[in-house]
Amino acid sequence: MRVLMIAPPGAGKGTQGALIAAHFNIPHIATGELLRDHVARQTALGQAVQAYLDRGELVPDQIVLDMVREAMIAAKASGGGFVLDGIPRNMEQARAAYEIGLELEMTADVALHLQAGDAELTRRLLARAALEHRSDDTPEVIAQRLALYHEVTSPLLAWYRGRGILVCVDAMRSAPEVGREILATLEAVHPSLDRAPPRERPPWA
Ligand code: ADP
């Protein structure tokens, strides 16, 4: 099972990504978590990205793509499945992730979209802020992350719909309810569905 998630902040990517990973016994590759871990450990990369995270902006594409390539190579060695959480977030990342997938012969079977409205997302993120103290869960930064999602990430949905791998799930329900629907939906997916738009396919594919 190879899944990528397209969802706004607060929709439950982390929770549902962990559930999918445990259910299918595949690695959960969460770019936000990987980046926050670098920040916490104060690595050179962590120091370079911290300001982007604090402002709710995207870190440079190449940084996350290098991370994801490395994680996908490890995923290939451990069976070939994965659940990507947090990437792609813009069209460049979507194209690059697809190229990495082609190169490793592990393009995504499903693009899972978790749908939820901004008011509910903001409510959830502010509730989380009280518990987790993430530097980007403040009202201003939440608004910035949601705006960025609508502007640069949500247009990817059409691209995945065109590839025939988009699946949408209503995330405006409790986490267990959403989780049950996701697993039932993924269990019903036939991995041969990938139909890349012709111009995205290299001549040899
Ligand atoms: P959320 O979806 O709630 O914003 P994430 O944990 O996925 O949470 O991401 C947190 C932050 O990490 C983002 O605001 C951004 O700064 C950075 N980030 C994560 N993934 C990417 C990515 N693919 N490209 C650029 N920046 C990213």
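The rules behind each value
- Residues numbered from 1 in each chain as written.
- Predicted model: local features only at pLDDT ≥ 70, side-chain atom pairs only at ≥ 80, totals over all residues.
- Heavy atoms only, no water.
- 1 Å grid on protein atoms, 1.4 Å probe; cavity = no way out; pocket = protein on both sides within 12 Å on 5 of 7 lines; lining within 4 Å.
- Points joined across faces, edges and corners; volume = space filled by probe spheres on them.
- Helix = DSSP H or I, 4+ residues; strand = E, 2+ residues; numbered from the N terminus.
- Nonpolar A, V, L, I, M, F, W, Y, C, P; charged D, E, K, R; others polar.
- Core = buried A, V, L, I, M, F, W, Y, C linked by side-chain atoms within 4.5 Å.
- Buried < 20%, exposed > 50% of the residue type's maximum accessible area, 1.4 Å probe, protein only.
- Contact = heavy atoms within 4.5 Å.
- Pairing = 2+ DSSP bridges.
- Polar contact = N/O pair within 3.5 Å; in protein donor to acceptor, adjacent residues only side chain to side chain.
- Near = heavy atom within 4 Å.
- Areas by Shrake-Rupley, 256 points an atom, 1.4 Å probe, with all protein chains shown as cover.
- Sits in = over half its atoms within 2 Å of the grid points.
- Axes fitted to C-alpha atoms, helices over the stretch in contact; angles between N-to-C directions.

Undergrad: Just checking my understanding: could you explain the layout of surface pockets for this structure?
TA: In this approach the atoms are scanned with a rolling probe the size of a water molecule, which exposes any empty space left behind. As a volume, the largest pocket reaches approximately 960 Å³. Listed by contribution, the elements that provide at least two residues to the lining of the largest pocket are β1 (2-6), α1 (13-24), α2 (31-41), α3 (44-55), α6 (118-132), α7 (139-153) and α9 (175-187). Across the lining of the largest pocket, the residue classes break down as 21 nonpolar, 12 polar and 13 charged.

Undergrad: I keep staring at empty space enclosed by the protein and nothing clicks. Help me out?
TA: Under the definition given, this model contains one cavity of 30 Å³ or more. Approximately 90 Å³ is the volume found for the largest cavity. Taken together, 13 residues form the lining of the largest cavity, with L4, A97, Y98, T107 and A108 sitting closest to its centre. Each residue belonging to the lining of the largest cavity can be placed in one class, and the counts come to 10 nonpolar, two polar and one charged.

Undergrad: Sorry, what's going on with the nonpolar core here?
TA: In summary, soluble globular proteins display a tendency toward joint burial of nonpolar side chains. Judged by nonpolar contacts, the single largest core of 31 residues is most densely connected at L4, I6, L35, M72, F82, L84 and Y160. Among the secondary structure elements, those contributing two or more residues to this core are β1, α2, α3, α4 (61-77), β3 (82-85), α5 (91-103) and α8 (156-163). Residues in contact with L35, not counting those within four places in the same chain, are L45, V49, L53, V59, I63, V64 and M67.

Undergrad: Sorry, what's going on with the pairing of strand β4 (residues 110-115) here?
TA: In summary, the side chains of a regular strand alternate between the two faces of the sheet. Burial runs high along β4: five of the six residues are buried. Relative to β4, β1 is paired through four bridges, and the arrangement is parallel. What sits directly across from V3, in β4, is V110. Across five bridges, the pairing between β4 and strand β5 (residues 166-170) is parallel. Note on β5: the bridge partner recorded for Q115 is D170.

Undergrad: Explain the side chain of T153 here, please?
TA: Mapped onto the elements of the fold, T153 is located in helix α7. Residue classification places T153 among the buried positions, given a relative accessible area of 6%. Of the polar contacts made by the side chain of T153, one reaches the backbone oxygen of R89; its length is 2.7 Å. Excluding anything up to four places from it in sequence, T153 contacts I6, P88, R89 and L148.

Undergrad: It is not clear to me how the side chain of H38 should be interpreted in this structure. Could you clarify?
TA: Its location among the elements puts H38 in helix α2. A relative accessible area of 19% means that H38 is categorised as buried. Contact partners of H38, with chain neighbours within four places excluded, come to T43, L45, G46 and M67.

Undergrad: Sorry, what's going on with the site of the ligand here?
TA: Taken together, 20 residues form the shell around the ligand, and within it K13, T31, E57, Q93 and R145 come nearest. T31 is positioned such that a nitrogen or oxygen atom in its side chain is 2.7 Å from a nitrogen atom of the ligand. Backbone polar atom of E57 to an oxygen atom of the ligand: 2.5 Å apart, as the coordinates give it. Burial of the ligand by the protein chains amounts to 96% of its free accessible area of 540 Å². When each cavity is represented as a set of grid points, the ligand is found to reside in the largest pocket. The set of elements that each furnish at least two residues to the shell around the ligand consists of α2 and α3. Here the element with the most residues in the shell around the ligand is α2; it accounts for four residues.

Undergrad: When you look at the sheet that holds β1 in this model, what are you seeing that I'm missing?
TA: Pairing between sheet strands relies on hydrogen bonds along the backbone, with the strands arranged either parallel or antiparallel. Taken in spatial order, the five strands make up an open sheet running β2-β3-β1-β4-β5, and their pairing is parallel. Strand pairing shows two members of the sheet lacking a second neighbour, β2 (28-30) and β5, which therefore form its edges. Strand-to-strand twist of the sheet, defined as the mean angle between neighbouring strand axes without regard to direction, takes the value 20°. Here β1 pairs with β3 via four bridges, running parallel. Looking at the pairing, M5 lines up with D85 of β3.

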